[in-house]
Amino acid sequence: MKHSSILLFLLNVILLSACQSKETKSNPIHYEKTLSSCKQIILPVDENTDFLSKSIFQFEENGKEFLHFENSQNSTYDIVIFDLDSQKVERRIPIHPEGPNGVPSLFGSKPYPDSNTILAFQHFAFRISLLNGKGEVLRNYQLNPKGRFVRVIFASFFYTPPFTRDSVLYFSQRPCDQQRAIKDYTKIPLFASMDLRTGEIGWPSLYFPTTFDGDYTDIGDSDGSFAYDYNEKDNRLVCSFTRYDSIMVTDDLQHVKWYNAKSKYLKSMNPNVNNHTNDVNALIRYKESSKYGHIMYDKYRNVYYRFAEMPCELAKDETPYDNQAPKAREFSVIILNDKFEIIGETKFSGSKYFYKMSFVGKDGLYISENNLANPEFDEDKLVFSCFKLVDVNE
């Protein structure tokens, strides 16, 4: 039986080489760009607004720049729209917990394409709602059959933003926390789709790579097994797997190419093998280990940012179940050009920044300073540092 498993693994590796594009040969890396702090913005937070958000997205409306901020961490559910120029609240969109406009168990939302229409995912109700600028439900889309969906993440916190293509909405799904055989992974689509005109649900022919064995998700699935972003200009989807040096790129949601996007600060990583466990010690090991997080497309500068987390021990007063832990973790941002060549990498302090609340704006990459380990942390305001892309010698 053991020999059969080994043969099956080798067979799948061979099939991967035959059926999917080989990784593009890397050119010598020239670190010519870096991220340099250029300004800070401070957004007001009242007693009904939590500083932590699952979904923050920048958007433009009538030539102005705004921030969509989902406020769903406490008893008050609403979406706060911040004017990034004035750094004030522009308006609040109520989210009703029940009734004809009810959106219970909100878990992720996004402007579509601005705050006049909003896509909202309801975790326990397992449906997607289309809301207007007043929080009224325009249409509900039930995600059936439930058996085909494994786990839907619909937020910026793990950077899995839904995207549309020809009026069809695409969103990621994950394997559940359970062991799977190698052959099962080749049957799991990375994404599901829903036609916003008809409500028809489908699954693109884009699957987990066959080199990812059945134990890949292990305890890491609590942080999502991959992040992604969509480049609307080129109709290009880019995926960053948690424990894989390379990123996956596709223009047609079927054929893929792989590009090296390894951090110079981390050892080479491949999917985990044979360590599936749910005990707390395994979760601690995962939390403390190095891994890759967000990947974000910067449409203003036509580059991509891939976030890499440095290894870091949990503090004595931290729990591995805290999404912010370990709070003192350092991270870096790998900068890739439109050919997916690494052109820079910038390292950030873990005692100041919290990258899971980041967004791209006209002036640069904004990273939150609302890190509980930050000595200047203030829960009564949202603080973001803006980093502009500059030449290394500038």
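Residues numbered from 1 in each chain as written. Predicted model: local features only at pLDDT ≥ 70, side-chain atom pairs only at ≥ 80, totals over all residues. Heavy atoms only, no water.

Chemist: Describe the pattern of salt bridges, with residues and values.
Modeler: With the rule as written, the count across this model stands at 17 salt bridges. The residue Lys64 makes a salt bridge to Asp83 at a minimum N-O spacing of 2.7 Å. Of this pair, Lys64 sits in strand β3 (residues 64-71) while Asp83 sits in strand β4 (residues 78-83), placing them 19 residues apart in sequence. The exposure class assigned to Lys64 is partly exposed, which follows from its relative accessible area of 35%. Look at Asp83 and you get buried, because its relative accessible area is 3%. (Salt bridge = Lys/Arg side-chain N within 4 Å of Asp/Glu carboxyl O. Helix = DSSP H or I, 4+ residues; strand = E, 2+ residues; numbered from the N terminus. Buried < 20%, exposed > 50% of the residue type's maximum accessible area, 1.4 Å probe, protein only.)

Chemist: Any chance you could break down the sheet that holds strand β17 (residues 257-260) for me, citing the residues and the numbers?
Modeler: Read across the open sheet, the four strands follow the order β14-β15-β16-β17; overall the sheet is antiparallel. Either end of the sheet is taken by a strand with one partner, and the two such strands are β14 (226-231) and β17. Each strand axis lies, on average, 25° off the axis of its neighbour in the sheet, ignoring direction. Inspection of the sheet shows strand β16 (residues 246-250) paired to β17 by four bridges, in the antiparallel sense. Of the residues in β17, the one forming a bridge with Ser246 is Asn260. (Pairing = 2+ DSSP bridges. Axes fitted to C-alpha atoms, helices over the stretch in contact; angles between N-to-C directions.)

Chemist: Lay out the pairing of strand β2 (residues 56-61) with the relevant residues and their values.
Modeler: Here β2 lies mainly inside the structure; five of its six residues are buried. When β2 meets β3, the two strands line up antiparallel, connected through six bridges. When the bridges of β3 are listed, Phe57 appears paired with His68. Remark: two residues form the turn of the hairpin made by β2 and β3, two consecutive strands paired antiparallel; Asn62 in that turn has positive phi of roughly 55°.

Chemist: Break down the sheet that holds strand β11 (residues 168-172) for me, with residues and values.
Modeler: Across the sheet, four strands lie side by side as β10-β11-β12-β13; this open sheet has antiparallel pairing. The open sheet has two edge strands, β10 (163-165) and β13 (201-202), and neither has a second partner. One ladder, built from five bridges, connects β11 with strand β12 (residues 191-195); its direction is antiparallel. Paired with Ser172 across the bridge in β12 is Phe191.

Chemist: Tell me about the nonpolar core, residues and numbers included.
Modeler: Ranked by size, the top nonpolar core spans 21 residues in total, and within it Leu67, Phe359, Leu382 and Phe384 carry the most contacts. For this core, the secondary-structure elements that each account for two or more residues are β1 (33-44), β3, β4, β22 (354-360) and β24 (381-391). With residues near it in sequence (within four places) discarded, Phe384 still touches Lys39, Gln40, Ile41, Leu43, Ile56, Leu67, Met357, Phe359, Tyr366, Ile367 and Ser368. (Core = buried A, V, L, I, M, F, W, Y, C linked by side-chain atoms within 4.5 Å. Contact = heavy atoms within 4.5 Å.)

Chemist: Could you give an account of helix α3 (residues 280-288), naming the residues involved and the relevant values?
Modeler: Considered for burial, the residues of α3 that qualify are Ala282, Leu283, Tyr286 and Lys287. Angularly, the buried residues of α3 cover 140° about the axis, an arc narrow enough to put them on a single face. Those residues of α3 that are buried are in contact with β18 (291-298). (Arc of directions from axis to C-beta.)

Chemist: Residues and numbers for the packing of aromatic side chains, please.
Modeler: For the coordinates displayed, the defined rule picks out 31 aromatic pairs. Each ring, one from Phe51 and one from Phe377, has its centre 5.0 Å from the other, and the planes form 70°; the classification is edge-to-face. Of this pair, Phe51 sits in the loop between β1 and β2 while Phe377 sits in the loop between β23 (365-368) and β24, and the two are 326 residues apart along the sequence. Taken together, a centroid distance of 5.1 Å and an interplanar angle of 10° make the contact between Phe331 and Phe348 stacked. Of this pair, Phe331 sits in strand β20 (residues 331-336) while Phe348 is found in strand β21 (residues 342-348), placing the two residues 17 residues apart along the sequence. We classify Phe348 as buried; its relative accessible area is 5%. Put simply, the rings of Phe163, Tyr170, Phe191, Phe226, Tyr228, Tyr230, Phe241, Tyr244 and Trp258 touch in pairs and so form one group of aromatic residues. If you follow Lys110 out to its NZ or CZ, it ends over the ring of Phe57, 5.4 Å from the centre. (Phe/Tyr/Trp six-rings, centres within 6.5 Å; stacked < 30°, edge-to-face > 60°. Lys NZ or Arg CZ within 6 Å of the ring centre and 35° of its normal.)

Chemist: Summarise unusual backbone geometry; cite the residues concerned and give the values.
Modeler: Looking along the chain, the bond that leaves Tyr112 and enters Pro113 is cis, with omega of -10°. Structurally, Pro113 can be placed in the loop between β6 (106-111) and β7 (117-122). That bond from Ala325 to Pro326 is cis: its omega, -10°, falls within 30 degrees of zero. Its identity is not glycine, yet Ser105 carries a phi of approximately 50°, on the positive side. Judged by relative accessible area, Ser105 falls into the buried class, the value being 18%. Despite not being glycine, Ser167 has its phi angle at roughly 65°, a positive value. Here Ser167 is to be found in the loop between β10 and β11.

Nothing here speaks to function; it is geometry throughout.
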